[in-house]
Amino acid sequence: MTIENDIRLSRLDKTKEAATHANEELDWPNLNKYRKENEKLANTENNGDRIVLIGDSITEGWSNFDPDFFTRNNLINRGISGQTSPQMLIRFKQDAIHLEPKLIVVNAGTNDIAANTGPSSPEMIIDNITSMAEIAMKNSINVALSTILPVEKYEWNKNVDDAPERISKVNSALKDYCESNNLIFINYYSAMVNDRKGLRSAYGNDGVHPTKEGYDVMAFVLKNTISGLI
């Protein structure tokens with residue numbers, strides 16, 4: 001092999017690597033993450049018994065801490081770490097609606113407030129979450145909206161200095177929306193908040209993500225709120 005061939009192959013490898021990286025960046029909502037799993041579910045008997053949980057790392061991590069809870073109750077985890085509500089809105093049909101569940105539970109917004117994909121106002125978060133609810137209602141699928149969990153501050157973005165106030169504003173608006181539209185409202189927040197409007201230390205060791213004890217509380221709240229469906 002000549003030096004010229006070595007150089008050509010090296011350039012080709014770098015081009016392929018760059019193309020792969022570009023494709024990953026283009027899949028901003030990460031539609032590829034659950035695509036194959038969704039295809040498998042489409043070929044299995046549904047019986048109208050699935051419940052889909054769509055969210056961020058709080059949702060994604062839940063089945064790692066308590067896989068039996070998901071298996072026993074036919075819960076389908078569609079959480080993706082780091083995601084914001086606009087990303088979830090884009091993948092909502094693929095990862096939730098098309099699975100034809102009896103209920104979709106949406107937990108979104110904390111990464112929006114942390115500015116993971118850029119600045120986001122409470123109104124923008126509310127619009128995205130309620131848009132998901134409207135898509136579900138349009139498709140005659142039950143939907144439940146859950147509170148953002150309490151957070152005092154985000155360690156990865158200390159420029160956000162008003163997280164509790166913004167979280168409370170979103171949660172209050174979601175509660176009102178659920179009441180106005182006769183939807184299920186899941187209030188994890190009240191069961192997990194401390195006196196500084198942050199996450200109780202027993203329920204989260206980084207102030208954002210639940211521990212096993214935190215997920216146990218969430219499971220209790222979820223089961224009691226949607227009693228009869230789970």
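Preceding block: the structure.
Let me sum up the structure you'll find in this document. Computed from a predicted model, the values in this text were never measured in an experiment. (Residues numbered from 1 in each chain as written. Predicted model: local features only at pLDDT ≥ 70, side-chain atom pairs only at ≥ 80, totals over all residues. Heavy atoms only, no water.)

Our focus in this paragraph is the nonpolar core. Of all hydrophobic cores here, the largest spans 38 residues; its most connected members are Phe92, Ile104, Val106, Leu145 and Tyr154. Looking at this core, the elements that each hand over two or more residues are strand 1 (51-55), helix 5 (85-95), strand 3 (103-107), helix 7 (122-138), strand 4 (142-146) and helix 8 (163-181). With residues up to four places along the chain from it excluded, the contact list for valine 106 reads Ile54, Phe92, Ile129, Met132, Val143, Ala144, Leu145 and Ser146. By size, the runner-up hydrophobic cluster in this structure holds 23 residues, among which are Leu75, Leu103, Tyr188 and Leu199. (Core = buried A, V, L, I, M, F, W, Y, C linked by side-chain atoms within 4.5 Å. Buried < 20%, exposed > 50% of the residue type's maximum accessible area, 1.4 Å probe, protein only. Helix = DSSP H or I, 4+ residues; strand = E, 2+ residues; numbered from the N terminus. Contact = heavy atoms within 4.5 Å.)

A separate point is the environment of asparagine 182. Inspection of the secondary structure assignment puts asparagine 182 in the loop between helix 8 and strand 5 (184-186). As for asparagine 182 and alanine 144, which are separated by 38 residues in sequence, their C-alpha atoms are 9.9 Å apart.

Another aspect to go through is helix 10 (residues 212-225). Taking 1.5 Å per residue, 14 residues should reach 20 Å; helix 10 reaches 20 Å between its end C-alpha atoms and fits that length. Gly214, Tyr215, Val217, Met218, Ala219, Val221 and Leu222 are the residues of helix 10 that are buried. (Expected span 1.5 Å × (residues − 1).)

Take the packing of aromatic side chains next. Describing an aromatic ring pair means giving the distance of the ring centres and the angle of the ring planes. Scanning the entire structure with this criterion turns up seven aromatic pairs. Judged by centre distance (5.7 Å) and plane angle (15°), the ring pair of tryptophan 62 and phenylalanine 69 falls under stacked. Measuring from centroid to centroid gives 5.8 Å for tryptophan 62 and phenylalanine 70, while their planes differ by 85°, and the two rings are edge-to-face. Like tryptophan 62, the residue phenylalanine 70 is buried in the burial classification. Three or more aromatic residues link up through ring pairs in this structure, and these residues are Trp62, Phe65, Phe69, Phe70, Tyr188 and Tyr215. Across from the ring centre of tyrosine 34, 5.5 Å away, lies the NZ or CZ of lysine 33, which sits over that ring. (Phe/Tyr/Trp six-rings, centres within 6.5 Å; stacked < 30°, edge-to-face > 60°. Lys NZ or Arg CZ within 6 Å of the ring centre and 35° of its normal.)

Here the focus is helix 5. One turn of the α-helix equals 3.6 residues, which is why residues spaced by three or four share an orientation. Taken together, the buried positions of helix 5 are occupied by Ser85, Gln87, Met88, Arg91, Phe92, Gln94 and Asp95. At its buried positions, helix 5 is contacted by helix 2 (35-42), strand 1, strand 2 (75-79), strand 3, helix 6 (110-113) and helix 7.

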